[in-house]
Amino acid sequence: MSSDALLTQILAQLNALQVSQQTLQAKLDAFTTPRSPPSHGTPITGHHDSPISSTLLLSPSSSLSKVHLASASQASTPPDHSQTDKEREKALYPGRVLLTTHPDQHGIRPFPLQWGASDPSVRGPVICSRLPSSVKQRNALGAHSGSYSIYRALAIAMGTLNPTHKPDYSMTEPPVPIPPQPAWSDPHKIVSFDPWGHLVPQIFRKEVDELGLDVRPSIAVTKAHIKLSEIDETARKGELEVDGKIVLATRPLRNVDGTESDAYSGVEITTSKAAVEPVWYLPGVAERFGISESLLRRALFEDTGGMYPELITRPDIKVFLPPIGNLTVYIFGNPAFLADESKELTLRVMVLTSLDPDICTCKPYLVFAIEECIRCAQRGGVGLVVYFRKEGRALGEVTKYLVYNLRKRGGDSADKYFKSTELIAGVKDMRFQALMPDVLHWLGIRKIDNMVSMSDMKYNAIVQSGIPILKRYDLPEHLIPPDSRVEIDAKIAAGYFTSGKPIYRARFGQDSR
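Residues numbered from 1 in each chain as written. Predicted model: local features only at pLDDT ≥ 70, side-chain atom pairs only at ≥ 80, totals over all residues. Heavy atoms only, no water.

> Help me understand the sheet that holds strand β1 (residues 140–142) in this model?
Adjacent strands of a sheet pair through backbone hydrogen bonds, lying either parallel or antiparallel. Read from one edge of the open sheet, three strands run β1-β6-β5, paired in mixed fashion. On the outer flanks of this sheet lie β1 and β5 (280–281), each paired with one strand and no other. Strand direction decides the pairing type here: β5 and strand β6 (residues 319–321), joined by two bridges, are antiparallel. Following the sheet pairing, Y281 is matched in β6 by V319. (Pairing = 2+ DSSP bridges. Helix = DSSP H or I, 4+ residues; strand = E, 2+ residues; numbered from the N terminus.)

> Help me understand the pairing of strand β4 (residues 267–276) in this model?
Across a regular strand the side chains alternate sides, sitting on one face of the sheet and then on the other. Pairing of strand β2 (residues 219–226) with β4 involves eight bridges; the strand directions are antiparallel. Residue pairing in the sheet places K223 in a bridge with S272 of β4. Where strand β3 (residues 247–249) and β4 come together, three bridges link them in antiparallel fashion. Note on β4: the bridge partner recorded for L248 is E268.

> Would you mind showing me how to read the packing of helix α8 (residues 229–236) against helix α12 (residues 362–378) here?
The packing of two helices is summarised by the inter-axis angle and the distance between the axes. Packing of α8 against α12 leaves a shortest axis separation of 10 Å and a crossing angle of 50°. In terms of axis orientation, α8 runs oblique to α12. Crossing of α8 over α12 shows right-handed handedness. Contact with α8, carried on its side by E230, I231 and T234, involves K363, V367, I370, E371 and R375 of α12 and no other residues of that element. Looking at side-chain class alone, the contact of α8 with α12 contains three nonpolar, one polar and four charged residues. (Axes fitted to C-alpha atoms, helices over the stretch in contact; angles between N-to-C directions. Parallel < 35°, antiparallel > 145°, perpendicular 65-115°, else oblique. Left-handed = near helix turned anticlockwise from the far one by under 90°. Contact = heavy atoms within 4.5 Å. Nonpolar A, V, L, I, M, F, W, Y, C, P; charged D, E, K, R; others polar.)

> Explanation requested: helix α3 (residues 85–92) in the structure shown.
Residues separated by three or four positions in an α-helix point in the same direction, a consequence of the helix having 3.6 residues per turn. Taken residue by residue, α3 has R88, A91 and L92 as its buried positions. Looking straight down α3, one finds its buried side chains confined to an arc of 95°; they lie on one side. For α3, exposure combined with an orientation more than 90 degrees from the buried face picks out K86 and K90. (Buried < 20%, exposed > 50% of the residue type's maximum accessible area, 1.4 Å probe, protein only. Arc of directions from axis to C-beta.)

> Whenever I open this one, the pattern of salt bridges confuses me. Can you help?
Opposite charge on two side chains allows them to pair when their charged atoms are near. Counted by the stated rule, this structure contains 18 salt bridges. When the shortest N-O distance is used, the salt bridge between E230 and K363 registers 3.0 Å. Highlighted residues: E230 in helix α8 and K363 in helix α12, separated in sequence by 133 residues. Looking at E230, the relative accessible area reads 28%, which means it is partly exposed. E293 serves as the salt-bridge partner of K318, at 3.2 Å between the closest nitrogen and oxygen. Here the residue K318 occupies a position in the loop between α11 (310–313) and β6, and E293 occupies one in helix α10 (residues 293–302), the gap between them amounting to 25 residues. With a relative accessible area of 31%, K318 lands in the partly exposed category. On the basis of relative accessibility, which here comes to 18%, the residue E293 falls in the buried class. Through salt bridges with shared partners, one network takes in E293, R297 and K318. (Salt bridge = Lys/Arg side-chain N within 4 Å of Asp/Glu carboxyl O.)

> Sorry, what's going on with the nonpolar core here?
Buried together is how nonpolar side chains tend to be arranged in soluble globular proteins. In this structure, L384, L440, W442 and I448 are the most contacted members of the largest nonpolar core, which totals 36 residues. Beyond its immediate sequence surroundings of up to four residues, W442 is in contact with I178, Q181, W184, I190, F193, P195, H198, I219, A274 and V276. Counting residues in each nonpolar core, the second largest holds 24 residues, with V267, Y330, M350 and L366 among its members. (Core = buried A, V, L, I, M, F, W, Y, C linked by side-chain atoms within 4.5 Å.)

> Hey, could you run me through the side chain of E293 in this one?
A polar side-chain atom of E293 sits 3.2 Å from a polar atom in the side chain of K318. When sequence neighbours within four positions are dropped, the list of residues in contact with E293 reads L282, P283, A286 and K318. (Polar contact = N/O pair within 3.5 Å; in protein donor to acceptor, adjacent residues only side chain to side chain.)

> When you look at the packing of helix α9 (residues 282–289) against α10 in this model, what are you seeing that I'm missing?
The interhelical angle for the contact between α9 and α10, taken along N-to-C directions, is 100°, at an axis separation of 8 Å. With respect to each other, α9 and α10 are oriented roughly perpendicular. Contact with α9, carried on its side by L282, P283, V285 and A286, involves E293, L296, R297 and L300 of α10 and no other residues of that element. Its residues assigned to classes, the contact of α9 with α10 shows six nonpolar, no polar and two charged.

> When you look at the packing of aromatic side chains in this model, what are you seeing that I'm missing?
Any aromatic ring pair is given by two values, namely how distant the centres are and how the planes are angled relative to each other. All told, the structure shown has seven aromatic pairs when counted by the stated rule. Ring centres of W184 and W196 lie 5.0 Å apart, and the angle between their planes is 80°; this geometry places the pair in the edge-to-face category. A residue pair is termed long-range when its members are at least 10 positions apart, and W184 in the loop between α5 (149–158) and α6 (200–203) and W196 in the loop between α5 and α6 qualify at twelve residues. With relative accessibility at 5%, the residue W196 sits in the buried group. Both rings, one in F289 and one in F432, keep their centres 6.4 Å apart while their planes meet at 80°; by these two values the pair is edge-to-face. Here F289, found in helix α9, pairs with F432, found in the loop between α15 (417–425) and α16 (438–442); they are 143 residues apart in sequence, far enough to count as distant. For F289, a relative accessible area of 33% gives the class partly exposed. (Phe/Tyr/Trp six-rings, centres within 6.5 Å; stacked < 30°, edge-to-face > 60°.)

It is worth stressing that arrangement in space is one thing and function is another; only the former is reported here.
As structure tokens, this is what we get:
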């Protein structure tokens, strides 16, 4: 038999096996899907115009039992604590453990998603849910809520949360508009979160209500008052105007007996704020860091303990919701002014930090930046503080405190400041500001008048993304805590921006220049 004939025979057998597998899968789908009366909603159809079964069958080795389908329909029924853990596990997860999926697997039809499309209906919703109604149309890896997804899993395991609970998003729409900007339709400008994330319940209502897909917001916008004792003191000294619009007088305090107190009650700051969860468009993230998408996927898989094998097996899925902290936006003044180049804008970008006033400048920087943002808003402009959850330069709080111990015991001087971090973490900084400007483009910012920062990494990332910065300035000398002087000196010596602060040479040791 010739080699061509042999290859033809092998190919025919493989095709027959594929047809056989698809037939078996279809029979399993029909067996495990309960019969129900005809629905008046729009049926879910795949790319081949065939109905998609609403089961968890992703392979012949994974099935969704009738007991799970029955329990899933009883969303208001409290958990049955008489069941053993084994029984509850079988009810929740009746099939074999499914470690991964593949693009050519029978029944896999990801919902179309075109990152950067200007029309949200063309862009499509981000779907990462493994619920029966959505699992076959999943077009994103990971889970909503970042690191908090672990607590959701725990709640489901304990029986306190029904995995099929459908959120009611009525009356949760943003109280202040964050309208579409040109950058939303540029696949290179925003790659680290979903710019449509705060509008999901409105723009993807059909997908949720009619198609039954589990589509969730990844951004929430609200309004609030901020209360800080440091701002109270600034207002008390008359250094901050209580204008009744941006800065409000706090209502009088009460004594123990309920009578009104004569003590100074301080002030409150009105703000609009947004919580933004990470939603990574992997090709764009890889491009931003100057690496290949395949290398990014491999690193994310390997160095998260192999948590997400589909990063390797599903190259067709381009969106990943990583298990990391979100960012928070605080807007002082009219949010519409952010996209208005005629208005003055003051910005501070910083990371979440614990309260370490003795050795860190983060808290003084935050308070000073908020005051500067307020003053800018009171001049007719707008202020913006963006807060990232990247504790200890994204090295983590444990590493941060270990570095503190080393600095305090090994001689805390500016020449050892970065070396101390490298000795423990192996790197000075892992905040990597390449993704940071995304949130500025989301808000429509095209120009920054004042940036409160001495970080060249932040400055360069913003400017290189196409947003000019007209003025930058750092923390005034009188606001630097004594024990934080080491940090400032080390950063100045390393080439960070400074408005002219002197370096205290004694902090460097005898050989410092």
